[in-house]
Amino acid sequence: MGARGASLQAPDADVSQLLTDSRSLVLPAETLFFALPTAQDSGGQRYVRYLYDQGVRSFVVETLDEIDDEVYSTSNILHVPSVLDALQNLATEHRMQFDIPIIGITGTRGKTTVKEWLYQLLCDDYRIVRSPRSFNSQIGVPLSLWDIDDDTTLAIIEAGISRPGEMARLHSMIRPTMGVVTNIAPEPEDEFGDDMDRKAAEKAKILYNCQSIVYRADDLGVRKAIKPLLDASDEAPIDIIAWSKTDPDKELFVELVSSCEHRTELNYTFAGEQHTLTLPMTDAMDVNNAITCLAVMLNLGIAPEVIAQRMVRLMPVGTRINVIEGVNDCTIITDEYPNDFVTLTPAVNFMMRRAGNRRSAVILSDLNPEAIEPHVLYSRVRSLMRAKQIDRFYGIGPEMCRQQELFASLPEAHFFGSTAQFLSEMAQGDFDDETVLVKGGKEFDFGQILDMLEAKQHQTVEEIDLNALAHNFKLFKSLIKPTTRTVAMVKASGYGTGSYEVAKTLQDRGADYLAVAVQDEGVQLRKAGITMPIIVLNPMVTNYKSLFTLRLEPEVYSLEMCRQLIKEGARYQTGAPLPIHIKVDTGMHRLGFTLEQLPAVIELLQDQHIVQPASVFSHLSVADVPGEDEYTLQQFSYFDQCAGLLRQHYPTLPRHILNTAGIVRFPERQMEMVRIGIGLYGMRTVDDPREDALQPVATLQSVVISIKQWPAGTTIGYGRRGVLQRDSRIATVPIGYADGLDRRYGNGAIALWAGGKRCPTVGNVCMDAVMIDVTDTDVQVGDHVEVFGRHIAIDELARVRGTISYEVLTSVSTRVKRVYYRE
């Protein structure tokens with residue numbers, strides 16, 4: 001691994017697990033931890049001592065500065081120039097030990113679906129190792145390759161990139177024997193922008209030295225990228241399967257016969273022979289992914305009749321983990337990925353990060369069969385439950401019952417032959433104030449269990465996309481210097497999206513601070529397990545004990561408040577002084593000290609040891625209004641004077657004045673810290689192309705519960721305000737002003753998204769329902785309806801109300817169920 005030096009104090013240690021995330025520890029004694037640094041600091045190095053205390057004795061580090069004597073003298077410490085290089089070099093060496101077929105899959109979309117479907121289609125023929133979930137990055141790929149062992153006969157590895165130069169490193173590790181490219185399309189989060197030729201050429205590097213390649217010839221970008229490879233005879237692959245729906249001369253020519261009732265009929269020609277295929281899907285992207293799988297199977301020599309038998313049984317690939325409010329203060333986590341051990345471990349890790357100090361429970365059905373003995377497979381499940389200290393385990397299914405003796409060492413384990421038996425013997429009251437993972441195969445219909453455990457059954461739901469939140473945070477991080485710290489705003493319950501899941505995601509993504517509006521919000525986050533620094537803005541402190549005990553860092557904006565804080569803190573402060581954040585009024589004229597008041601503040605603070613200034617900050621009034629830049633510049637100037645005075649006494653005191661709009665428009669003023677607010681949630685703040693890549697975090701949606709046909713002239717709703725001008729199909733949707741759908745949205749003022757089209761409202765918005773015109777769609781009862789999200793922008797609704805997007809987002813009623821998910 002290119003070690004500079006090594007201290008091998010446990011040379012006989014067996015390493016079966018590679019770890020890069022301390023939260024995913026399972027088998028400490030068999031773990032080698034790679035202390036990956038971050039752009040801001042030493043990163044994983046900070047967790048060496050914690051992992052040592054958990055039983056880990058093997059570490060790869062870039063510096064010995066933070067390794068204490070006890071750890072160094074009793075552990076295997078590999079000191080390397082680059083931890084990432086060491087991880088990748090180890091994976092490369094490991095992969096080279098195995099002479100087996102390896103399929104490398106790349107593309108913009110469909111990688112995970114193709115990988116999972118190939119696993120479903122080929123698991124009867126091979127002992128397969130595949131990338132867990134979407135482990136396709138510079139870190140994920142080496143972790144995936146490490147799972148290959150002597151029993152493996154086929155590996156299927158995803159390869160994802162976001163910047164030039166990455167694919168060469170992935171290819172050197174994977175060294176695929178077969179390369180697969182799904183498609184090439186723009187991605188807002190990568191560094192290729194609209195340069196699809198450059199992106200396609202980078203992705204095509206996965207194909208170098210492959211014995212065979214599979215690609216869609218109808219994708220022009222893919223075809224152009226592959227051409228130089230095919231022209232280079234010394235690097236040309238032995239077998240090429242280019243599939244097409246338009247060119248009958250390609251190796252695999254596919255013709256669509258029919259598509260209806262969730263099934264698609266295809267004819268295809270391969271090696272001069274014609275065959276028929278039925279796919280259990282109609283979505284165009286899914287059909288293309290299935291054809292890519294068909295091409296791979298034909299390349300592997302699977303008989304067409306066998307392919308036809310297996311294809312018709314393909315199961316959809318879910319890629320979401322959902323977090324739902326449960327009964328009796330429970331949190332319910334559902335995992336839509338296929339139900340096997342490879343996906344179980346990440347799901348349990350996710351649950352435990354959410355559980356904090358609360359009890360944990362796992363409800364798990366029989367796992368999908370694998371090419372190992374059941375007792376070996378379920379022994380691994382037992383070991384995972386024991387390592388993660390799961391409090392209660394519920395196994396459902398005949399195989400679970402046969403293997404139940406393996407779980408005798410768990411604190412509490414219960415087994416049921418079927419979902420029906422579980423429901424007949426368990427009740428809502430059996431679950432209380434705990435985090436519950438529900439993961440089962442589709443044949444077990446765990447939706448019935450979710451119906452029992454969900455706290456709210458309202459058909460209107462606000463979905464919170466945690467991937468989009470992380471993406472937006474990453475976007476703003478890219479606009480600031482690596483050394484600039486971030487304050488993520490989660491006030492007003494995460495702008496109405498729910499504070500805990502948002503806060504947990506931002507904590508995991510490396511935000512330096514959270515900021516809440518009132519003390520109670522901070523207390524709730526601490527009780528839920530959020531450990532990172534929390535700033536309390538605009539505090540009216542009524543409970544000084546919890547403020548000091550929970551280390552909530554208040555904004556201080558008046559001398560009276562500061563004196564009271566010091567007085568009360570003398571009763572509760574223990575250990576280090578409580579950090580406080582000094583607010584100065586530079587022009588908002590709401591709260592804060594003036595320049596003239598600061599000498600008195602400094603005198604007061606220097607004569608005590610209860611609190612300690614942690615930052616000085618202010619709010620910009622019009623950072624999002626270019627026409628008011630002169631006023632903003634005046635605020636900057638006044639802030640410099642105030643901060644300068646404070647820094648005469650506190651030289652390293654961090655400063656922050658930029659909000660979301662300020663980060664975009666005034667990057668030169670970012671100083672030591674910035675605050676990211678509404679932009680985290682996907683809302684634009686200024687007309688600037690740097691915000692074009694923002695993704696909406698919240699989607700408010702409901703369902704159609706009724707459709708009726710009415711003749712022209714019929715009136716709809718209260719007050720007979722909706723008068724039909726034509727014969728119409730009118731749908732009723734169960735969302736009204738009690739849910740946050742403003743009454744001003746009625747009578748065609750807005751449209752909701754249903755059936756792939758905008759459907760205007762008809763008549764007045766009711767308390768619990770709204771009517772929409774679906775005449776020009778094929779919408780049916782039960783179909784989803786979007787109020788805002790990817791098709792209907794929140795800004796559009798705000799304009800109708802004559803307000804701002806903040807108000808629309810925060811006005812969604814608490815009776816609307818929030819569902820948090822990540823892909």
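Please refer to the structure placed before this passage.
Below you will find a few notes about this structure. Remember, it's a predicted structure, so these values are computed and weren't measured experimentally.

Details of the overall build of the protein
For step 1, the next point in the chain: On a plain count of helices and strands, the protein comes out with 26 helices and 39 strands.
For step 2, the next point in the chain: In terms of overall dimensions, the protein is globule-like: its C-alpha atoms have a radius of gyration of 29 Å, near the 28 Å expected for 823 residues.
For step 3, the next point in the chain: The buried share of the protein, taken over its 823 residues, is 56%.
For step 4, the next point in the chain: Long-range pairs, those at least 24 residues apart, make up 66% of the contacts in the protein between residues at least 6 apart in sequence.
For step 5, the next point in the chain: Total accessible area on the protein is roughly 34,600 Å²; 48% of this is exposed by carbon and sulfur atoms.
For step 6, the next point in the chain: For the protein, the distance from the average position of its 81 positive side-chain charges to the average position of its 109 negative side-chain charges is 4 Å.

What to know about the sheet that holds strand 26 (residues 578-583)
For step 1, the next point in the chain: Read from one edge of the open sheet, eight strands run 28-27-26-25-24-23-22-29, paired in parallel fashion. For this open sheet the edge positions go to strand 28 (655-656) and strand 29 (673-676), each flanked by a neighbour on one side alone.

A short note on the sheet that holds strand 7 (residues 128-130)
For step 1, the next point in the chain: Taking strand neighbours across the sheet as the criterion, the nine strands line up as 7-8-6-9-10-11-12-13-14 in an open arrangement whose pairing is mixed. Of all the strands in the sheet, the pair left with one neighbour each is strand 7 and strand 14 (273-279). Averaged over all adjacent pairs, the angle separating strand axes in this sheet is 20°, with direction ignored.
For step 2, the next point in the chain: Inspection of the sheet shows strand 10 (residues 212-216) paired to strand 11 (residues 239-244) by five bridges, in the parallel sense. Across the sheet, Ile213 pairs through a bridge with Ile240, a residue of strand 11.
For step 3, the next point in the chain: Where helix 9 (residues 284-299) meets the sheet, it contacts strand 6 (102-106), strand 9 (178-181), strand 10, strand 11, strand 12 (252-260), strand 13 (263-270) and strand 14, and its direction lies at approximately 155° from that of strand 11.

Details of the nonpolar core
For step 1, the next point in the chain: Counting residues in hydrophobic clusters, the biggest one holds 137 residues, and the most contacted among them are Val381, Met385, Phe393, Leu506, Leu514 and Phe788.
For step 2, the next point in the chain: With sequence-adjacent residues up to four places away left out, Met385 is seen in contact with Leu344, Val348, Val362, Ile390, Phe393 and Leu410.
For step 3, the next point in the chain: Membership of the second largest hydrophobic core comes to 38 residues, among which are Trp117, Trp243, Leu252 and Met281.

Topic: the packing of aromatic side chains
For step 1, the next point in the chain: In total, this model carries ten aromatic pairs according to the counting rule given.
For step 2, the next point in the chain: Ring geometry for Phe33 and Phe59: centres 6.5 Å apart, planes at 85°, overall edge-to-face. Residue Phe33 is found in strand 3 (residues 31-34), and its partner Phe59 is found in strand 4 (residues 58-61); the two are separated by 26 residues along the sequence.
For step 3, the next point in the chain: We classify Phe33 as buried; its relative accessible area is 1%.

Notes on the pairing of strand 38 (residues 784-788)
For step 1, the next point in the chain: Taking burial as the measure, the five residues of strand 38 include four buried ones, the bulk of the element.
For step 2, the next point in the chain: Pairing analysis gives four bridges linking strand 30 (residues 698-703) to strand 38, with the strands arranged antiparallel. When the sheet's bridge partners are listed, Val703 is paired in strand 38 with His784.
For step 3, the next point in the chain: Relative to strand 38, strand 35 (residues 751-754) runs antiparallel, the two being bridged by two bridges. The residue of strand 38 that forms the bridge with Trp753 is Glu786.

Side note on the environment of Gly221
For step 1, the next point in the chain: Summarising the element assignment, Gly221 is placed in helix 8 (residues 220-231).
For step 2, the next point in the chain: With 25 residues separating them in the primary sequence, Gly221 and Met196 have C-alpha atoms 6.8 Å apart.

Examining the pattern of salt bridges
Once their charged atoms are close, side chains differing in charge can pair, the charge on each being opposite to the other.
For step 1, the next point in the chain: Throughout the structure, instances matching the rule amount to 43 salt bridges.
For step 2, the next point in the chain: The salt bridge involving Lys205 is made with Glu202; its shortest N-O contact spans 3.1 Å.
For step 3, the next point in the chain: For Lys205, a relative accessible area of 27% puts it in the partly exposed group.
For step 4, the next point in the chain: A residue is classified by how much of its surface remains accessible, and Glu202, at 5% relative accessible area, is buried.
For step 5, the next point in the chain: For Arg684, the salt bridge identified is with Asp692, shortest N-O distance 2.8 Å.
For step 6, the next point in the chain: Salt bridges here are not isolated pairs; linked through shared partners, they connect Asp21, Arg23, Arg354, Glu501, Lys504 and Asp508.

Things to note about helix 3 (residues 83-95)
For step 1, the next point in the chain: In this model helix 3 runs 18 Å from its N-terminal to its C-terminal C-alpha over 13 residues, within 8% of the 18 Å that 1.5 Å per residue would give.
For step 2, the next point in the chain: For helix 3, the set of buried residues is Val83, Ala86, Leu87, Gln88, Leu90, Ala91, Thr92, His94 and Arg95.

A short note on the packing of helix 11 (residues 341-355) against helix 12 (residues 374-387)
The axes of two packed helices give the description: the angle between them and the distance between them.
For step 1, the next point in the chain: Axis separation between helix 11 and helix 12 bottoms out at 11 Å; the angle between their running directions is 5°. Relative to helix 12, helix 11 is oriented roughly parallel. Residue-level inspection shows Phe341, Leu344, Thr345 and Val348 of helix 11 in contact with helix 12, the latter providing Leu377, Arg380, Val381, Leu384 and Met385.
For step 2, the next point in the chain: Split into classes, the residues belonging to the contact of helix 11 with helix 12 amount to seven nonpolar, one polar and one charged.

With respect to the environment of Tyr208
For step 1, the next point in the chain: One can find Tyr208 in the loop between helix 7 (196-203) and strand 10.
For step 2, the next point in the chain: Classification of Tyr208 by relative accessible area gives partly exposed; the value is 33%.

Here we look at unusual backbone geometry
For step 1, the next point in the chain: A positive phi angle, close to 45°, is found at Arg175, a residue other than glycine.
For step 2, the next point in the chain: Here Arg175 shows up in the loop between helix 6 (166-174) and strand 9.
For step 3, the next point in the chain: Arg175 gets classed as partly exposed once you look at its relative accessible area, which sits at 38%.
For step 4, the next point in the chain: In this model, Asn747 sits at a positive phi of 55°, which is unusual for a non-glycine residue.
For step 5, the next point in the chain: Structurally, Asn747 is set in the loop between strand 34 (728-733) and strand 35.

Let's talk about the pairing of strand 22 (residues 485-489)
For step 1, the next point in the chain: With four of its five residues buried, strand 22 lies for the most part within the structure.
For step 2, the next point in the chain: Relative to strand 29, strand 22 runs parallel, the two sharing four bridges. Its bridge partner being in strand 29, Ala488 is matched across the sheet by Ile676.
For step 3, the next point in the chain: The sheet contact formed by strand 22 and strand 23 (residues 513-516) spans three bridges and is parallel. Note on strand 23: the bridge partner recorded for Ala488 is Leu514.

Examining the environment of Gly736
For step 1, the next point in the chain: Position of Gly736 relative to the elements: it lies in the loop between strand 34 and strand 35.
For step 2, the next point in the chain: Here Gly736 falls in the buried class, since its relative accessible area comes to 0%.
For step 3, the next point in the chain: With 32 residues separating them in the primary sequence, Gly736 and Asp768 have C-alpha atoms 4.1 Å apart.
For step 4, the next point in the chain: When sequence neighbours within four positions are dropped, the list of residues in contact with Gly736 reads Leu741, Val765, Cys766, Met767, Asp768 and Ala769.

Topic: the state of the cysteines
Cysteine pairs can be linked by a disulfide, which is a covalent bond between their two sulfur atoms.
For step 1, the next point in the chain: Counted according to the given criterion, the structure contains zero disulfides.
For step 2, the next point in the chain: A disulfide-free cysteine, Cys293 has its sulfur positioned 13 Å from the sulfur of Cys123, the nearest such atom.

Re helix 21 (residues 559-572)
For step 1, the next point in the chain: Taking 1.5 Å per residue, 14 residues should reach 20 Å; helix 21 reaches 20 Å between its end C-alpha atoms and fits that length.
For step 2, the next point in the chain: All of the buried residues along helix 21 are Leu559, Met561, Cys562, Leu565, Ile566, Glu568 and Gly569.
For step 3, the next point in the chain: Where helix 21 is buried, its residues meet helix 20 (544-549), strand 25 (552-556), strand 26, helix 22 (598-606) and strand 27 (611-617).

Regarding the side chain of Lys388
For step 1, the next point in the chain: Its place among the elements puts Lys388 in the loop between helix 12 and strand 18 (392-396).
For step 2, the next point in the chain: Buried and unpaired, Lys388 has no salt bridge, with Asp21 as the nearest side chain of opposite charge at 8.3 Å.
For step 3, the next point in the chain: Only 2.9 Å separates the side chain of Lys388 from the side chain of Asn349, close enough to count as a polar contact.
For step 4, the next point in the chain: Once residues within four sequence positions are removed from consideration, Lys388 is found in contact with Arg23, Ser24, Leu25, Val26, Val348, Asn349 and Met352.

Quick word on the side chain of His581
For step 1, the next point in the chain: Within the secondary structure, His581 sits in strand 26.
For step 2, the next point in the chain: Its relative accessible area of 0% is what places His581 among the buried residues.

About the cut-offs
Here the residue numbering is sequential within each chain, running from 1 through the sequence in written order. In keeping with the predicted nature of the model, local features appear solely for residues at pLDDT of at least 70, side-chain atom pairs appear and are counted solely at 80 or more, and the whole-chain, interface and lining totals rest on all residues. Only heavy atoms go into the side-chain values, all of them from the structure, while hydrogens and water stay out. The secondary structure listing takes helices from DSSP runs of H or I that are at least 4 residues long and strands from runs of E that are at least 2 residues long, numbered from the N terminus. Based on C-alpha atoms, the radius of gyration is set beside the globule rule, defined as 2.2 Å times the residue count to the power 0.38. Think of it in three bands: residues with accessible area under 20% of the maximum for their type are buried, residues over 50% are exposed, and the middle band is partly exposed, with areas taken using a 1.4 Å probe on protein chains only. Two residues qualify as a contact provided that any one of their heavy atoms is within 4.5 Å of a heavy atom in the partner residue. In this description, accessible areas are obtained by the Shrake-Rupley approach with a 1.4 Å probe, and a residue is regarded as covered only by the protein chains that are shown. For the charge count, each Lys or Arg is scored as positive and each Asp or Glu as negative, with His and the chain ends excluded. Lysine's charge is taken at NZ, arginine's at CZ, aspartate's at CG and glutamate's at CD. Strand pairing is assigned whenever DSSP identifies at least 2 bridges connecting the two strands. Helix axes are fitted only over the stretch in contact, all axes being lines through C-alpha atoms; the angle between N-to-C directions runs from 0 to 180 degrees. What makes a nonpolar core is a set of buried Ala, Val, Leu, Ile, Met, Phe, Trp, Tyr and Cys residues whose side-chain atoms join them at distances within 4.5 Å. Under the pairing criterion, centres of Phe, Tyr and Trp rings, with the six-membered ring standing for Trp, must be within 6.5 Å; the plane angle then separates stacked pairs below 30 degrees from edge-to-face pairs above 60, leaving the rest tilted. Every case where a carboxyl oxygen of Asp or Glu lies within 4 Å of a side-chain nitrogen of Lys or Arg is listed as a salt bridge. One less than the number of residues in a helix, times 1.5 Å, gives the span that helix is expected to have. Angles are sorted into four bins: roughly parallel if under 35 degrees, roughly antiparallel if over 145, roughly perpendicular if 65 to 115, and oblique for all others. Classes in brief: Ala, Val, Leu, Ile, Met, Phe, Trp, Tyr, Cys and Pro nonpolar; Asp, Glu, Lys and Arg charged; the others, Gly included, polar. Cysteine sulfur atoms that come within 2.5 Å of each other are treated as a disulfide pair. Here a polar contact is recorded for every N or O atom pair within 3.5 Å, except that within protein the pair must consist of a potential hydrogen donor and a potential acceptor, and residues adjacent in sequence are included only if both atoms are side-chain atoms.

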